[in-house]
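Structural features, examined
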Amino acid sequence: MMSLKLTVYAELKEQEYVKALRSAYEPDNVILEFSDRTDGSVTEFADDHAHMVITDDYARIEKLRKLTRHNLRFIYVGKAKLTDDIEDVWDTGDTDEIRARFERVLRASAYQFDAWVFEHTLYTTIDTVPDMLWFKRLDGIHTMVNSAFTEVVHKKREDIIGRDHFFIWDAPRPAEGNEFACAESEETAIRTGKTFICDEPVQTREGMKQLTTYKTPVYDMFGNVFGTVGVGHDVTNFSNLGIELDILVENMPFPMIIFTAEMKVVKMNNSFMEIAGVEKDKMSGFLFADWRQKNCKIVTEKIGSDNDRLIMQEIQIHLGAEDRSYLLRLQEIRDFFDNISGYFLIMTDITYQRAYEQSILKAANTDMLTGMYNRRYFYNYLSEHALEPMTLFYMDLDRFKYVNDKYGHQKGDEVLIKTANAIKTLFPKAENARLGGDEFALVLPGMLGDEEIKEYTAVLERTIQRIFSADGLPVTMSVGTAVHDGKNADMDRFMHISDSRMYEVKKEHHKDEEGE
């Protein structure tokens, strides 16, 4: 994912506000920089990236508006009305609230940037396709077209968007009903949930054209069809089918192969040959099934059956220094009499999509501060392994509240991070988690003996005491343990036993302190 470089000018009299801004959480794709430049130097420092000014001087906003033509975004800290010139007004003295509101602004900036990047990338991609390509709503209104489409209809893109077939093609509207042209083929694609291929005649300024069109339903994030995407290939003058086919296949911005009905290779574009390492003179003897078996990791089995016209499968390929994920789409090509005349295979690179899904999954299961698993994941793990023997260590830091109150939350966060790192280093193969606050847990497979448990507990306590005594902090650790034989699936009781034993240890630690 591309990154948004966001330069922030925090010109505030109250320095605690500035500290709150600098400690705000940054979205993964935002590069946040703070600048202390003032006055006219703003125009010298600003570039084509988005920039933001946060100030408690309202006159400063008016001055900057006149000094620079850059697209600055303003946030005013104080009492004022929200206007078109101001992104947000922070009428609060609470630094935590200011930090939270700043984080919301950062996320909104990231979303806006991502939306622009995705739209720009999509337009760039579809404009590389030499065939007509368009997106329609369910009511037939065009929402996006590529440059090839505009050239065929002799209209500008802005004149096409928001209009229907009859306006775009200068065609007479039907006397009755409100059905749009090509409705039948698009209804078929929507009903079947598959790409529908058909031949459609279209009246243009140059006369009648015959298009081979590919209509595919487009789904929203809730699984509802909200429109279709269409590709139209002009087959009016197909006197040289081989050349036309070569151009079509080679200009597709993704790996593609065309097979005969017997699955022998007819055409293959350079994108696929680069991935598979196939030389051009050996293309005809290439066996796709053998290559897939030897070089690809099958992630999902085939979706569909031999009777379906579209079969999909996800694979992974090791290319260079990384693993890339692809979705294979094997589509039947049928002739006028509905006989299979061949197949075409398209490989869609979904590496970043899978990486994004993994990042979402990781964020849902991970404690943001320490990088350990969170309570939700840990409880799910115990439930999923309830019928397996395991040993649980429940840990709580002693005198953490004292450190937090005396030295502040930043020092407290450092203590939590160092504790987490120590646990992960001592038990690299264990499932470990921060359960909340200064409570941690880890689970090891198998039922450890009393001596092993005592040894591991002693190592944990000594390590934590050594780390923080070196920092001059009186932080130690109380550890409670429990052993599970895999015969009882009551994980709540399992956790309760270790938790109770941890508090018994903590009481002993406090007695020792009082005795001293």
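Fair warning: this is a prediction, and the values are worked out from it, not measured in the lab. (Residues numbered from 1 in each chain as written. Predicted model: local features only at pLDDT ≥ 70, side-chain atom pairs only at ≥ 80, totals over all residues. Heavy atoms only, no water.)

Some points on the overall build of the chain
Each helix and strand in the chain was counted, giving 17 helices and 20 strands. A separation of at least 24 residues holds for 51% of the contacts in the chain among residues at least 6 apart in sequence. Accessible area of the chain: about 29500 Å², with a carbon and sulfur share of 51%. (Helix = DSSP H or I, 4+ residues; strand = E, 2+ residues; numbered from the N terminus. Contact = heavy atoms within 4.5 Å. Areas by Shrake-Rupley, 256 points an atom, 1.4 Å probe, with all protein chains shown as cover.)

Considering a negative patch on the surface
A contiguous patch of negative charge on the surface is contributed by D450, E451, E452 and E455. With respect to the helices and strands, E452 occurs in helix α16 (residues 450–470). The partly exposed category is assigned to E452, whose relative accessible area is 36%. (Patch = residues over 30% accessible without salt bridge, like charges linked within 9 Å, V, L, I, M, F, W, Y side chains within 5 Å. Salt bridge = Lys/Arg side-chain N within 4 Å of Asp/Glu carboxyl O. Lys, Arg positive; Asp, Glu negative; His and termini not counted. Charge placed at Lys NZ, Arg CZ, Asp CG, Glu CD. Buried < 20%, exposed > 50% of the residue type's maximum accessible area, 1.4 Å probe, protein only.)

Re the packing of aromatic side chains
Evaluation of the coordinates by the stated rule reveals 16 aromatic pairs. Note on Y58 and Y76: the rings are 5.3 Å apart at their centroids and 85° apart in plane angle, and the pair reads as edge-to-face. Pair noted here: Y58 is in helix α3 (residues 58–67) and Y76 is in strand β4 (residues 72–77), with a separation of 18 residues, a long-range link. Its relative accessible area of 30% is what places Y58 among the partly exposed residues. Of the residues examined, Y76 reaches a relative accessible area of 11% and is grouped as buried. Feature note: the residues F259, F272, F286, F288 and W291 constitute an aromatic cluster, connected by ring pairs. Over the face of the ring belonging to F167 we find K155, whose NZ or CZ atom lies 5.6 Å from the ring centre. The lysine or arginine in question, R163, covers the ring of F167, its NZ or CZ lying 3.6 Å from the ring centre. (Phe/Tyr/Trp six-rings, centres within 6.5 Å; stacked < 30°, edge-to-face > 60°. Lys NZ or Arg CZ within 6 Å of the ring centre and 35° of its normal.)

Topic: the sheet that holds strand β13 (residues 296–298)
Taken together, the 6 strands give an open sheet; going across it, the order is β12-β11-β16-β15-β14-β13, and neighbouring strands pair in antiparallel fashion. For this open sheet the edge positions go to β12 (265–268) and β13, each flanked by a neighbour on one side alone. Averaged over all pairs of adjacent strands, the angle between their axes in this sheet comes to 25°, without regard to strand direction. Sheet analysis places strand β11 (residues 256–260) next to β12, joined by 3 bridges and oriented antiparallel. Bridge pairing in β12 links I257 to M268. Along the sheet, helix α11 (residues 288–295) contacts β11, β13, β14 (310–319), β15 (322–334) and β16 (340–349); its crossing angle with β13, the most-contacted strand, is approximately 80°. Of the strands in this sheet, β14, β15 and β16 touch helix α12 (residues 351–365), which is tilted by about 125° from β15. (Pairing = 2+ DSSP bridges. Axes fitted to C-alpha atoms, helices over the stretch in contact; angles between N-to-C directions.)

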